[in-house]
Amino acid sequence: MRSWSSPEVPDLTVTGPVVRIHDTSSGGLVETRPEGPARLYVCGITPYDATHMGHAATYLAFDLLNRAWRSAGHEVAYVQNVTDVDDPLLERATKVNIDWVELAERETELFRNDMQALRILAPDHYVGAVESIPLVIDLIVRLQEAGAIYQVDTDLYFSVTADTDFGGVSGWSRDEMLRIFGERGGDPEREGKQDPLDCVVWRGKREGEPSWDSPFGPGRPGWHIECTAIALEHLGTAFDVQGGGSDLIFPHHEMCAGEAQVAEPGQPFARAYAHAGMVAYDGEKMSKSKGNLVFVSALRLSDVDPMAIRMVLLRHHYRSDWEWTDEQLWAAVDTVTQWRKALSLGAGAPAAPVVSAVLAALAEDLDAPTAVAAIDEWAASTLGDTAHGLADNSDPDAAATLKPVLDAALGLLL
Ligand code: ZN
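Report on the accompanying structure.

Thresholds, definitions, all that
Residues numbered from 1 in each chain as written. Predicted model: local features only at pLDDT ≥ 70, side-chain atom pairs only at ≥ 80, totals over all residues. Heavy atoms only, no water. Helix = DSSP H or I, 4+ residues; strand = E, 2+ residues; numbered from the N terminus. Rg over C-alpha atoms; globule rule 2.2 N^0.38 Å. Buried < 20%, exposed > 50% of the residue type's maximum accessible area, 1.4 Å probe, protein only. Contact = heavy atoms within 4.5 Å. Areas by Shrake-Rupley, 256 points an atom, 1.4 Å probe, with all protein chains shown as cover. Lys, Arg positive; Asp, Glu negative; His and termini not counted. Charge placed at Lys NZ, Arg CZ, Asp CG, Glu CD. Donors = N, O, S within 2.8 Å, 3.2 Å for Na, K, Ca; no water. Expected span 1.5 Å × (residues − 1). Arc of directions from axis to C-beta. Pairing = 2+ DSSP bridges. Axes fitted to C-alpha atoms, helices over the stretch in contact; angles between N-to-C directions. Core = buried A, V, L, I, M, F, W, Y, C linked by side-chain atoms within 4.5 Å. Polar contact = N/O pair within 3.5 Å; in protein donor to acceptor, adjacent residues only side chain to side chain.

Looking only at helices and strands, the protein chain has 13 helices and 14 strands in total. In summary, the protein chain has a C-alpha radius of gyration of 23 Å against a globular reference of 22 Å for 414 residues, a match within 12%. Its C-alpha atoms give the protein chain principal-axis dimensions of roughly 80 × 45 × 35 Å. Looking at the 414 residues of the protein chain, the share that counts as buried comes to 56%. Here the analysis covers contacts within the protein chain between residues at least 6 apart in sequence; of these, 79% occur between residues at least 24 apart. Entry remark: accessible area of the protein chain is about 17,000 Å², with carbon and sulfur atoms responsible for 49%. Of the charged side chains in the protein chain, 32 are positive and 63 negative, and the gap between their average positions amounts to 2 Å.

Written out as structure tokens, the structure reads:
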């Protein structure tokens with residue numbers, strides 16, 4: 001599938017530190033040690049509605065990881081999927097009486113435009129579920145050969161007990177898993193399953209639903225196996241980071257890992273699993289079912305500077321849950337104006353320590369708020385000094401030193 005066009009990343013004259021990130025599986029910060037290009041898989045959208053601020057926050061988080069790795073001197077191999085056939089998409093298409101393919105294409109295109117406006121680096125492989133069906137079928141066959149697949153009516157299930165490490169991504173108890181599974185697309189109560197936590201990998205054809213031929217009869221892929229198949233194909237096993245929102249910890253990332261670890265025994269699926277917090281609005285987590293969504297595209301249409309949207313997101317640590325307010329957007333518009341003003345002066349407060357602070361903050365679990373605070377301080381100092389004449393220690397090349405770092409590390413083009 002076509003990706004979006006990626007902004008250029010300027011080469012930096014300084015190298016950032018080794019990148020550490022919080023790994024849900026081990027429960028702490030881990031040092032990433034890419035061998036060859038750093039390999040990143042981030043779970044993509046199900047394209048049935050426009051990109052809301054919760055999505056933007058997640059993709060920005062992993063954009064910062066991508067950029068931190070690049071600043072540290074690594075190449076990055078980045079893969080993202082699009083779940084362009086799944087229950088929520090088909091349900092929405094039926095509800096609004098539009099062809100599901102058309103709905104998926106329209107919303108995917110909107111997502112690309114939103115990502116491009118926010119200057120999110122594009123994945124090297126942007127891969128749809130539909131185009132990956134042959135990969136999914138191959139993977140199911142391998143899992144069958146490993147004895148990890150069984151049939152209920154015309155559907156195929158993955159047996160979670162086949163992975164001896166099952167539970168290792170989330171660290172959740174079985175009770176917690178059982179409680180949440182049904183709320184997030186699972187069917188713990190279905191009769192005929194060997195274990196209530198087993199997940200569908202092939203959903204046999206239903207009347208009125210699209211289907212594809214397979215050795216197991218006509219049907220379509222389950223959600224989790226789509227990501228497993230795409231990640232294994234494009235990144236292999238033991239890739240550096242699988243990322244997504246914290247609502248993907250279980251079942252999605254747990255199931256992806258389980259399937260991969262049965263297909264490729266002895267190798268972890270990913271070395272680290274990183275999760276972004278949830279964004280609320282009007283007191284509740286932003287979600288389609290609640291209707292409390294702030295859309296990136298709607299803000300863009302009302303001429304909000306995408307760099308100000310990006311600034312709001314950067315003000316929050318990616319792992320925190322937070323609430324979007326319009327006041328934060330207006331404050332970010334002011335910040336962008338101040339920074340632009342300070343950068344337009346050319347000379348300013350010394351830039352080298354700010355560069356170090358920004359790169360160090362981002363390498364330490366993508367701490368964008370600390371990086372932003374360092375630049376706030378530089379801008380305030382630069383504008384304050386200018387008001388009183390240049391300070392003795394003024395840096396004649398401050399703006400020329402800082403601008404490429406703001407661009408490369410934070411994705412801000414000012
Ligand atoms: Zn996924």
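Next up on the list: the coordination of the zinc ion. With distances of 2.0 to 2.1 Å, the protein atoms coordinating the zinc ion are Cys43 (SG), Cys227 (SG) and His252 (NE2). Counting gaps between the donor residues of the zinc ion yields the pattern C-x183-C-x24-H. Here Cys227 is found in helix α6 (residues 223–235), whereas its partner His252 is found in helix α7 (residues 249–263), with 25 residues between them in sequence.

A few words on helix α10 (residues 326–343). Given a rise of 1.5 Å per residue, 18 residues ought to cover 26 Å, and the 26 Å separating the end C-alpha atoms of α10 matches this to within 8%. By the burial criterion, the buried members of α10 are Leu329, Ala332, Thr335, Val336, Trp339, Ala342 and Leu343. The arc that holds the buried residues of α10, viewed along the axis, is 145 degrees, so those residues lie on one side. In α10, the exposed positions that point more than 90 degrees away from the buried face belong to Glu327, Trp330 and Asp334.

What follows is about the sheet that holds strand β4 (residues 76–82). Read across the open sheet, the five strands follow the order β5-β4-β3-β10-β11; overall the sheet is parallel. Both outer strands of the open sheet, β5 (125–128) and β11 (270–276), are each paired with one neighbouring strand and no more. For this sheet, the mean angle separating the axes of adjacent strands, direction not counted, is 20 degrees. With three bridges joining them, strand β3 (residues 38–42) and strand β10 (residues 239–245) adopt parallel strand pairing. Within β10, the residue paired with Tyr41 across the bridge is Gln242.

Moving on to the nonpolar core. Within soluble globular proteins, side chains that are nonpolar tend to cluster in buried spots. Formed by 80 residues in total, the largest nonpolar core has its most connected members in Met53, Leu65, Trp324, Val358, Trp378 and Leu410. Each residue touching Leu410, except ones within four places of it in the same chain, is listed here: Leu64, Arg67, Arg310, Leu314, Val358, Leu362, Ala371, Ile375 and Val405. Residues Val136, Phe239, Met255 and Val262 belong to the second largest nonpolar core, which totals 43 residues.

Glancing now at the side chain of Thr32. Mapped onto the secondary structure, Thr32 falls in the loop between β2 (28–31) and β3. A distance of 2.8 Å separates the side chain of Thr32 from the backbone oxygen of Val19, its partner in a polar contact. A distance of 3.0 Å separates a polar atom in the side chain of Thr32 from a polar atom in the side chain of Trp69. With residues up to four places along the chain from it excluded, the contact list for Thr32 reads Val18, Val19, Ile21, Trp69 and Val241.

Where strand β7 (residues 155–158) lies against strand β8 (residues 199–204), three bridges are found, and the strand directions are antiparallel. Each bridged residue has a counterpart across the sheet, and for Phe158 the counterpart in β8 is Cys199. Where β8 meets strand β9 (residues 219–221), three bridges bridge the pair, whose relative direction is antiparallel. Residue pairing across strands places Trp202 opposite Pro221, the latter belonging to β9.

Summarising the element assignment, Arg220 is placed in strand β9. For Arg220, a relative accessible area of 1% gives the class buried. At 2.6 Å, the side chain of Arg220 and the side chain of Asp87 are in polar contact. Once residues lying within four places of it in the same chain are set aside, the contact partners of Arg220 are Val85, Asp86, Asp87, Leu90, Val201, Trp202, Arg203, Glu209, Pro210 and Trp212.

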